[in-house]
Amino acid sequence: MKRSTIAGALAMIAMAPLSATAMPHGAMSYEERLAAMEDDMTLPAPIAGVQNKYWFNYRTDVAEARKELAHDLRHATDAEDERDAWDEYRAELADARRDYAKEMREKGYRSGQVRVHGSGR
């Protein structure tokens, strides 16, 4: 297999959501459940539709966190190592999202919100 093909496949795996890469292996730990919830909050599109360096940095941070999680889980020797890996993954995703949102807020962009008002009748 060509080196570029392997690199492309690894990049696709790194960008895949946790649910697509998780292997069924029994009950989930508390840390794994928290990480899965955090993974579900990964932003699928840039804030305000603006693709800038902050968006690309965010996507890179997410990809690196997923890659590091896979590495840490492969090298885990016990349940504590696995819990630590999941906890670190959750924290990295949360930090990346917060940092990205903060940068965009400072640039004048806000995450979208939907507000429903009564009909006034």
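As a reminder, the structure under discussion sits directly above these lines.
Residues numbered from 1 in each chain as written. Predicted model: local features only at pLDDT ≥ 70, side-chain atom pairs only at ≥ 80, totals over all residues. Heavy atoms only, no water.

**Student:** Lay out the environment of arginine 59 with the relevant residues and their values.
**Tutor:** Within the secondary structure, arginine 59 is located in helix 4 (residues 53-74). Once the C-alpha coordinates of arginine 59 and arginine 97 are considered, the two residues, 38 residues apart in sequence, prove to be 9.5 Å apart. Separated by 3.3 Å, the side chain of arginine 59 and the backbone oxygen of leucine 43 make a polar contact. (Helix = DSSP H or I, 4+ residues; strand = E, 2+ residues; numbered from the N terminus. Polar contact = N/O pair within 3.5 Å; in protein donor to acceptor, adjacent residues only side chain to side chain.)

**Student:** Could you give an account of empty space enclosed by the protein, with specific residues and numbers?
**Tutor:** On inspection of all chains with the given rule, the structure shows one cavity of 30 Å³ or more. In this structure, the largest cavity encloses a volume near 30 Å³. Residue lining of the largest cavity: Ala65, Glu68, Leu69, Asp72, Ala85, Glu88, Tyr89 and Glu92, and that is the complete set. If you list the elements that add at least two residues to the lining of the largest cavity, you get helix 4 and helix 5 (79-106). (1 Å grid on protein atoms, 1.4 Å probe; cavity = no way out; pocket = protein on both sides within 12 Å on 5 of 7 lines; lining within 4 Å. Points joined across faces, edges and corners; volume = space filled by probe spheres on them.)

**Student:** Describe the side chain of aspartate 39, with residues and values.
**Tutor:** As for its position among the elements, aspartate 39 is in helix 3 (residues 30-40). Note on aspartate 39: relative accessible area 5%, which makes it buried. Reaching out from aspartate 39, the side chain makes a polar contact with the side chain of tyrosine 89 at a distance of 2.5 Å. (Buried < 20%, exposed > 50% of the residue type's maximum accessible area, 1.4 Å probe, protein only.)

**Student:** Give a detailed account of helix 4, specifying residues and quantitative values.
**Tutor:** In this model, helix 4 (22 residues) spans 31 Å end to end at C-alpha, consistent with the 32 Å of a helix rising 1.5 Å per residue. Taken together, the buried positions of helix 4 are occupied by Tyr54, Trp55, Tyr58, Arg59, Val62, Ala63, Ala65, Arg66 and Leu69. (Expected span 1.5 Å × (residues − 1).)

**Student:** How would you sum up the pattern of salt bridges? Please name residues and give values.
**Tutor:** Oppositely charged side chains are able to pair whenever their charged atoms sit close together. By the definition in use, this model includes four salt bridges. Here arginine 97 and glutamate 38 are joined by a salt bridge, their closest N and O atoms 2.1 Å apart. With arginine 97 in helix 5 and glutamate 38 in helix 3, this residue pair connects regions lying 59 residues apart in the sequence. For arginine 66, the salt bridge is made with aspartate 39, and the minimal N-O distance between the two is 3.0 Å. A residue pair is termed long-range when its members are at least 10 positions apart, and arginine 66 in helix 4 and aspartate 39 in helix 3 qualify at 27 residues. (Salt bridge = Lys/Arg side-chain N within 4 Å of Asp/Glu carboxyl O.)

**Student:** Tell me what's going on with the nonpolar core, and back it up with residues and numbers.
**Tutor:** Membership of the largest hydrophobic core comes to 17 residues, with the highest contact counts inside it found for Leu43, Ile47, Tyr58, Tyr89 and Tyr100. No other element matches helix 5, which puts eight residues into this core. Every residue in contact with leucine 43, bar those within four places of it in the chain, is listed here: Trp55, Tyr58, Arg59, Arg97 and Tyr100. (Core = buried A, V, L, I, M, F, W, Y, C linked by side-chain atoms within 4.5 Å. Contact = heavy atoms within 4.5 Å.)

**Student:** Which residues make up the packing of aromatic side chains, and what values do they have?
**Tutor:** Applying the stated criterion across every chain, the model contains four aromatic pairs. Centroid distance tryptophan 55 to tyrosine 58: 5.8 Å. Interplanar angle 40°. Geometry classified as tilted. Linking tryptophan 55 with tyrosine 58, this pair stays in helix 4, spanning three residues, or about one helical turn. Comparing tryptophan 55 with tyrosine 58 shows no difference in burial state: the two are buried. Measuring from ring centre to ring centre gives 5.8 Å for tryptophan 55 and tyrosine 100, while their planes differ by 55°; the resulting arrangement is tilted. Here tryptophan 55, found in helix 4, pairs with tyrosine 100, found in helix 5; they are 45 residues apart in sequence, far enough to count as distant. (Phe/Tyr/Trp six-rings, centres within 6.5 Å; stacked < 30°, edge-to-face > 60°.)

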